Amino acid sequence: MFGLDITKVVALAVVALLVFGPERLPKVAAEAGRALRQLRQLVENARAGLGPEFAHLDVTELHPKTLARKYLLEEAGESPMPAPTAVENRELAWGEIPPYDPECT
């Protein structure tokens, strides 16, 4: 759960208790839960409103760490990008025009 162990959770609870006080803490926690529920409903409504094309959309896949892990840190055999093709390395003759690769420019 977000890399939190029991000591960090207890420390956060103590800090919240000190900041908000014992009288306001239950009210603040209830408001935070209500806001989180509304945010989830908003995301679900937006996803439903986009149509069936976006039904498979997972917001967590858009996180930069997830994208880097998916496209940069995968093993070479599982890479979603095609492997570069080998190019013949030879000297050009006098007046010969070098090959043109539109994907490289």
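Residues numbered from 1 in each chain as written. Predicted model: local features only at pLDDT ≥ 70, side-chain atom pairs only at ≥ 80, totals over all residues. Heavy atoms only, no water.

Trainee: Help me understand the overall build of the protein chain in this model?
Mentor: A tally of regular secondary structure across the protein chain gives 2 helices and 0 strands. When burial is assessed residue by residue, the protein chain has 1% of its 105 residues classed as buried. Surface summary for the protein chain: the accessible area is close to 10100 Å², and the carbon and sulfur share equals 64%. (Helix = DSSP H or I, 4+ residues; strand = E, 2+ residues; numbered from the N terminus. Buried < 20%, exposed > 50% of the residue type's maximum accessible area, 1.4 Å probe, protein only. Areas by Shrake-Rupley, 256 points an atom, 1.4 Å probe, with all protein chains shown as cover.)

Trainee: Where do I start with a nonpolar patch on the surface in this structure?
Mentor: The grouping of I6, V9, V10, V14 and L18 at the surface amounts to a nonpolar patch, some 480 Å² of accessible area in total. Residue placement: V9 occurs in helix α1 (residues 6-50). (Patch = residues over 30% accessible without salt bridge, like charges linked within 9 Å, V, L, I, M, F, W, Y side chains within 5 Å. Salt bridge = Lys/Arg side-chain N within 4 Å of Asp/Glu carboxyl O.)

Trainee: How do you make sense of the environment of D58 when you look at a structure like this?
Mentor: Looking at the secondary structure, you find D58 in the loop between α1 and α2 (64-71). Distance in space between the C-alpha atoms of D58 and R47 is 9.6 Å, their sequence separation being 11 residues.

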